[in-house]
Amino acid sequence: MYVYDEHDRQIISERVNQFRRQTERFLAGQLKEEVYLPLRLQNGLYVQRLAPMLRIAVPYGMLNVAQLRKLAHITRHYDKGYCHITTRQNIQLNWPNLEDVPDILAELAEVEMHAIQTSGNCIRNVTSDQFAGVATDEIIDPRPYCEIIRQWSTLHPEFAFLPRKFKIAVSGSEEDRAAIRFHDIGLQIVKNDSGAIGFKVLVGGGLGRTPVIGQVVREFLPEQDLLTYLEAIVRHYNLNGRRDNKYKARIKILVRAMGVEAYAAAIEQEWDKIHDSQALLTDKEINRTKSFFTEPDYESFDEKSCADTLNERAQKDKDFSNWLAHNVGKHRVAGYRTVTLSLKPNGIAPGDITDSQLEAIADLAEEYSFGEVRSTHEQNLVFADVQTAHLRRLWRALTKLGFATANIGTLTDMICCPGGDYCSLANAKSIPVAEAIQNEFDDLDYIYDLGEIELNISGCMNACGHHHIGHIGILGVDKRGEEFYQIQLGGAQGNNANIGKVLGPSFSRESVPNVIRKLLDVYVESRVEGEAFVETYHRVGITPFKERVYAKAN
Amino acid sequence: MPKLIKDGILTQNEWQWLVTDEAAPSAEALETGKWIVPFSVYLTLKSEGLGNAKNLGVWLASADNVQDLAPHLKDLNIVGLNFEKFADGRSFSQARIIREQLDFGGEIRVNGDFYQDQMFYLARSGVNAFLIEDDANSESMIESLSDFSDSYQAACDEPQPLFRRRV
């Protein structure tokens, strides 16, 4: 994991001091609300429905135990004892006091954390694959490049007042687990024919009101050119992105208006002016950053005998076996596995976690996973380096803590935004919908029979809950002051990215679980052997689902 | 009368900023005063053979294309950038292009709806003069110019990014 040097520490601590002075001026009435607004946003501070909300950056999802313990302390002392993992791998506090925020930021700085640019019309926290460095399909570890981007984008003087927010994601594996096709810039690490490392660059993806799949503007960008090329893209956007209408201000609208070919040509032209500037990355810097992401001290094991022992144990215990099948994943290194902690047990808002749970997770990470944890954009946590021999003990401990619900990748592993319970943008609540679905579908055997299904819920069209890319997407809408829910089918993240189609007229909150039940019935009746929900949907089309769900009304 | 912070100190402002709908300065006005005028006015005055680097400068609106300024920079000592709305960040890129790509060594002055907490970033982007309200707290504003003692990126104040300076 990256470790700050004196430069990083100084920059982050000066930022805390700057924000402290700004907040003092605001509280003293010397700074107008409209001017303080972008300043607090660029330090992660929103003012929400009931209280301020502070979004803390978790750069590309990496957390160490000191950070987890500090977060536990902060949620306990400055908040109500719990926090929330967001769909961009960050952590949100729901109830801090505005005047405490400079102190919270100072405490975060002690453990090399910050809330810089987690909101506002600027370059946001860079996200990546939660299995970076350990995935079996990895081409190159994306984290060093993420860190290089984090430093470049942090307090960038030219790009703090962009037309709209700007999100970058990096994937280093064959399968995209970072939703790079739905980011303003998506970077796919590739190797060319001569073995050189570079990036396939996608621009103009995004969710929100106008969901768009990002398009390739460059097939191969040599790694040294990363920052100059990003600079060309963001400068062009800063000068040419629309500023007359905030709903048309994202880069996706600019790319679409220009057409991707003309757009790519304009970027090349912009890049031509700066591609040999001092921002050109040096091998020394790439290697320096890579030196922070070396292998931990793995022990050597025989994979086959590890796997055999594990299978033997699994056969004797159905619950353990279910957990292995759903929450435990392959690892690049023999005798190791990844473990996903499900933050989606029945009865808890998806992604919520308490102070004492954070501490317990820190202890377990120390014991079983080299003291590191990752957050995922599916709002779960990951231990990336667990020995197979430790899995059973870890499973027991996680079961006690409530993190061993064996539902990863299934219907109840929902992505869900905070919605109308917290967020002032929301049109409708989303947490109670998630809860109702979890209550309706609490039979694990049924869930397993359904196989892989992604169900995503957003409380408004800003789409923080990624409803456009759920196999089943649920969107909260406001109809004359009442909360209704529109359902979409066929969305997908990953390599076969797709945007879901609206099923038809929206439903009341109470009827949502029953509608989901009908959709699943159609799938179960129509599927052919081994076919996943989304595959059946693409084969049979939307009509049979529509007919079943709206049958009564006809 | 607005005040001027230039190169980090409070200075006498000698230039008049001609707003969009004001009449262009006459030949006499140019003899006796110094004017920063909108780009269109600048082009008109130059076509009439009026003004020189000592008494005539130009300011760009956020929507103006900086590249159009390129052929004129050799005749200019001062370029203004106007903030219509503080949230409109185009001036940052305009300043940086004028400094770094068009190699302008003269004064880049901002006016309008920018605020104190943008000054550090503006300075990094190549702005060296700030036109501020008469009643503004210039001391506090000047302090903001040194909010940070180091930065990650290369910019106009530091041609080398931090990664090239780290030992």
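Rules behind the numbers
- Residues numbered from 1 in each chain as written.
- Chains lettered and ligands numbered in written order.
- Predicted model: local features only at pLDDT ≥ 70, side-chain atom pairs only at ≥ 80, totals over all residues.
- Heavy atoms only, no water.
- Phe/Tyr/Trp six-rings, centres within 6.5 Å; stacked < 30°, edge-to-face > 60°.
- Helix = DSSP H or I, 4+ residues; strand = E, 2+ residues; numbered from the N terminus.
- Buried < 20%, exposed > 50% of the residue type's maximum accessible area, 1.4 Å probe, protein only.
- Lys NZ or Arg CZ within 6 Å of the ring centre and 35° of its normal.
- Patch = residues over 30% accessible without salt bridge, like charges linked within 9 Å, V, L, I, M, F, W, Y side chains within 5 Å.
- Areas by Shrake-Rupley, 256 points an atom, 1.4 Å probe, with all protein chains shown as cover.
- Salt bridge = Lys/Arg side-chain N within 4 Å of Asp/Glu carboxyl O.
- Lys, Arg positive; Asp, Glu negative; His and termini not counted.
- Charge placed at Lys NZ, Arg CZ, Asp CG, Glu CD.
- Axes fitted to C-alpha atoms, helices over the stretch in contact; angles between N-to-C directions.
- Parallel < 35°, antiparallel > 145°, perpendicular 65-115°, else oblique.
- Contact = heavy atoms within 4.5 Å.
- Nonpolar A, V, L, I, M, F, W, Y, C, P; charged D, E, K, R; others polar.
- Pairing = 2+ DSSP bridges.
- Right-handed = clockwise from strand over helix to strand, strands pointing away.

**Here we look at the packing of aromatic side chains**
Next, step 1: Applying the stated rule across the entire model yields 29 aromatic pairs over all chains.
Next, step 2: Plain terms: the ring middles of Tyr229 of chain A and Trp271 of chain A are 5.3 Å apart, the flat faces sit at 80 degrees to each other, and that makes the pair edge-to-face. Here the residue Tyr229 of chain A occupies a position in helix α6 (residues 226-240), and Trp271 of chain A occupies one in helix α8 (residues 260-272), the gap between them amounting to 42 residues. Each member of the pair, Tyr229 of chain A as well as Trp271 of chain A, carries the same accessibility label: buried.
Next, step 3: Ring-pair connections join several aromatic residues into one group, and the members of that group are Phe161 of chain A together with Phe83, Phe86, Phe92, Phe114, Tyr115 and Phe130 of chain B.
Next, step 4: If you follow Arg209 of chain A out to its NZ or CZ, it ends over the ring of Tyr247 of chain A, 3.5 Å from the centre.

**Topic: a positive patch on the surface**
Residues and elements named next belong to chain A.
Next, step 1: There is a patch of like positive charges on the surface, built from Arg313, Lys316, Arg396 and Lys400.
Next, step 2: Counting residues per element, the ones that place at least two in the positive patch are α10 (303-316) and α13 (391-401).
Next, step 3: Tracing the sequence through the fold places Lys400 in helix α13.

**Observations concerning the packing of helix α16 (residues 512-526) of chain A against helix α17 (residues 533-540) of chain A**
Residues and elements named next belong to chain A.
Next, step 1: Relative to each other, α16 and α17 sit at 80 degrees, their axes nearing to 10 Å. Considering the angle they form, α16 stands roughly perpendicular to α17. Residues Leu519, Leu520, Tyr523 and Ser526 of α16 form the contact with α17, whose participating residues are Phe533, Thr536, Arg539 and Val540.
Next, step 2: Here the residues of the contact of α16 with α17 sort into 5 nonpolar, 2 polar and 1 charged.

**Brief notes about the pairing of strand β8 (residues 129-132) of chain B**
Residues and elements named next belong to chain B.
Next, step 1: Burial along β8 is two-sided: the face carrying Ala129 and Leu131 and the face carrying Phe130 and Ile132 are both buried.
Next, step 2: In this structure, strand β1 (residues 3-6) lies alongside β8, joined through 4 bridges in antiparallel fashion. Bridging from a neighbouring strand, Lys3 pairs with Ile132 of β8.
Next, step 3: Inspection of the sheet shows strand β7 (residues 107-112) paired to β8 by 2 bridges, in the parallel sense. Directly across from Arg109, in β8, lies its bridge partner Ala129.
Next, step 4: Since β7 and β8 lie parallel, the crossover through helix α4 (residues 119-124) that links them has a hand, and here it is right-handed.

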